[in-house]
Amino acid sequence: ISSVIGKVMKMGEPYRFMENRIVRVLQGSMRISINLCEYQIVRGEALYIGQNSVVEILDYDATAVVDLLGFTLSAENANIKDVFVVGREHELWMEEYFHLLYTISATIPFYKRSIEHLLLSLHYRIVDSVANVPSLRGRKEELFRLFLEKLNTHPGKHDLSFYAQRMNISPQYLSHLVFEVSGTAASDWINRAVTLQAKLLLRSSQHSIEQISETLRFSTTPYFCRFFKREAG
């Protein structure tokens, strides 16, 4: 990872991945934030990251080496929006899939259809092996995850009642639940999501600060600037 930091991605900067991604750790370890949730993965483990996810590298072992695979699938309902952790118990068959992908993609002529079907097979193997395993998280943890998913989908919404309405619960209950599960106030999570989106827009778009302020639904540009400085330093 150390050899590509600054070239492909920068430490501490968010990136929005529009396609599915699989991050597979071959050596060392890394800590990564995906849609405001932190994941620590070590050798033999992998993350299957869904479309439209905001990803940020937080830390990594000096010797860390990873495979990063990005793709979209044409099959209906095959692309995911969640994040799945693929444990070390699945390392062998993951390695076999990646080896086949490397081999076929290096073949001349390029067999696109073979690659597409192999990727689809890999997708369903992960879904069948990992995603369909009953979750150990309780009802409150599931609602908290849903709240974070809504934050990623609607980063310009500052009002807690907006999210509570879409989750069919009261704002008071959502506020209590978020603090109980995470130890952080719901308003702080909302601010984090808005700040993350602001970083993405400031770094990657051609919009002016005024336009970004309007997109993120701030009443005035100076208010947005004060907010961003307070949250991002």
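These lines cover the structure that appears in this document, whether it is placed above or below. Just so it is clear, the structure is predicted and the values come from calculations on it, not from any experiment. Each chain has its residues counted from 1, running along the sequence as written. Two thresholds apply to this predicted model, a pLDDT of at least 70 for residue-level local features and 80 or more for giving and counting side-chain atom pairs, whereas whole-chain, interface and lining totals are computed over all residues. Side-chain descriptors were evaluated using all non-hydrogen atoms of the structure, hydrogens and water having been removed beforehand.

Moving on, we come to the environment of Ile209. Segments assigned H or I by DSSP are reported as helices when at least four residues long, segments assigned E as strands when at least two residues long, and all are numbered from the N terminus. Checked against the element boundaries, Ile209 lands in helix 7 (residues 209-215). A sequence separation of eleven residues divides Ile209 from Ala198, and the C-alpha atoms of the two residues are 9.4 Å apart. Residue contacts for Ile209: discarding those within four places in its chain leaves Leu202, Thr221, Phe224 and Cys225. The contact definition used throughout considers only heavy atoms, calling two residues in contact when any of these lie within 4.5 Å.

This part takes up helix 5 (residues 171-182). The end-to-end C-alpha distance of helix 5, which contains twelve residues, comes to 16 Å, matching closely the 16 Å that a straight helix rising 1.5 Å per residue would cover. Tucked inside the fold, the buried residues of helix 5 contact helix 3 (139-153), helix 4 (160-166) and helix 6 (186-204). Count one or two residues on from helix 5 and you reach Gly183, which has phi positive near 75°. Multiplying 1.5 Å by the helix residue count minus one yields the expected span of that helix.

Before going further, it helps to examine the sheet that holds strand 4 (residues 37-42). In this description, strands pair whenever DSSP reports at least two bridges between them. Ordered by their spatial adjacency, four strands build an open sheet running 1-6-3-4, and the pairing between neighbours is antiparallel. Unpaired on one side and paired on the other, strand 1 (15-17) and strand 4 mark the two borders of the sheet. Averaged over all pairs of adjacent strands, the angle between strand axes in this sheet comes to 35°, irrespective of strand direction. Pairing geometry for strand 3 (residues 29-34) and strand 6 (residues 53-60), over five bridges, is antiparallel. Pairing of Ile32 across the sheet is with Ile57, part of strand 6. To obtain each axis, a line is fitted to C-alpha atoms, and for helices this fit is confined to the stretch in contact; angles are then taken between N-to-C directions over 0 to 180 degrees. Relative to strand 4, helix 3 is tilted by about 105°, and along the sheet it contacts strand 1, strand 4 and strand 6. Strand contacts of helix 6: strand 1 and strand 6, with the helix running at about 90° to strand 1, the strand carrying the most contacts.

Let's shift gears to the pattern of salt bridges. Just to be clear on terms, a salt bridge is a Lys or Arg side-chain nitrogen sitting within 4 Å of an Asp or Glu carboxyl oxygen. Inspection of the entire model under this criterion finds eight salt bridges. One salt bridge in this structure joins Lys140 and Glu180, with 3.0 Å as the shortest N-O distance. Taken together, the residues span a long stretch of sequence, with Lys140 in helix 3 and Glu180 in helix 5 at a distance of 40 residues. Judged by relative accessible area, Lys140 falls into the partly exposed class, the value being 31%. A cluster of three or more residues bridged by salt bridges with shared partners is formed by Arg24, Asp67 and Glu95. The buried label goes to any residue with under 20% of its type's maximum accessible area, the exposed label to any with over 50%, and the partly exposed label to all in between, with areas taken from a 1.4 Å probe on protein chains only.

The next point concerns the nonpolar core. Counting 48 residues, the largest nonpolar core has Phe147, Leu151 and Leu174 as the members making the most contacts within it. Considering each element in turn, this core owes the most residues, nine residues, to helix 6. Setting aside anything within four residues of it in sequence, one finds Leu174 in contact with Phe147, Leu160, Tyr163, Ala164, Met167 and Ile169. The definition of a nonpolar core used throughout is a set of buried Ala, Val, Leu, Ile, Met, Phe, Trp, Tyr and Cys residues joined through side-chain atoms within 4.5 Å. By size, the runner-up hydrophobic cluster in this structure holds 21 residues, among which are Phe71, Val86, Ile115 and Leu119.

In an α-helix, one turn spans 3.6 residues, which is why side chains three or four residues apart end up on the same side. The end-to-end C-alpha distance of helix 1 (residues 91-105), which contains 15 residues, comes to 21 Å, matching closely the 21 Å that a straight helix rising 1.5 Å per residue would cover. Considered for burial, the residues of helix 1 that qualify are Trp93, Met94, Tyr97, Phe98 and Leu101. One side of helix 1 holds all its buried residues, which, seen down the axis, span an arc of 140°. As used here, the arc is the angular range of directions from the helix axis to the C-beta atoms.

A few words now on the environment of Ser33. Among the secondary structure elements, Ser33 is positioned in strand 3. Spatially, the C-alpha atoms of Ser33 and Glu116 are 28 Å apart, while their sequence positions differ by 83 residues. Those residues in contact with Ser33, other than ones at most four positions away along the chain, are Glu38, Val54, Val55, Glu56 and Leu58.

Take the pairing of strand 4 next. Only one face of strand 4 is buried, namely the one carrying Cys37, Tyr39 and Ile41, since none of Glu38, Gln40 and Val42 on the opposite face is buried. In this antiparallel pair of consecutive strands, strand 3 and strand 4, the connection spans two residues, and Asn35 shows a positive phi of 55°.

For the pair helix 3 and helix 5, the least separation of the axes is 9 Å and the interaxial angle reads 105°. Between helix 3 and helix 5, the crossing angle belongs to the class labelled roughly perpendicular. Listed contacts from helix 5 to Lys140, Glu141, Leu143, Phe144 and Phe147 of helix 3 are Tyr173, Leu174, Leu177, Val178, Glu180, Val181 and Ser182. Three classes are used, and their members are as follows: Ala, Val, Leu, Ile, Met, Phe, Trp, Tyr, Cys and Pro are nonpolar, Asp, Glu, Lys and Arg are charged, and the others, Gly among them, are polar. Residue composition of the contact of helix 3 with helix 5, grouped by class: eight nonpolar, one polar and three charged. Roughly parallel here means an angle under 35 degrees, roughly antiparallel means over 145, roughly perpendicular means 65 to 115, and every remaining angle is called oblique.

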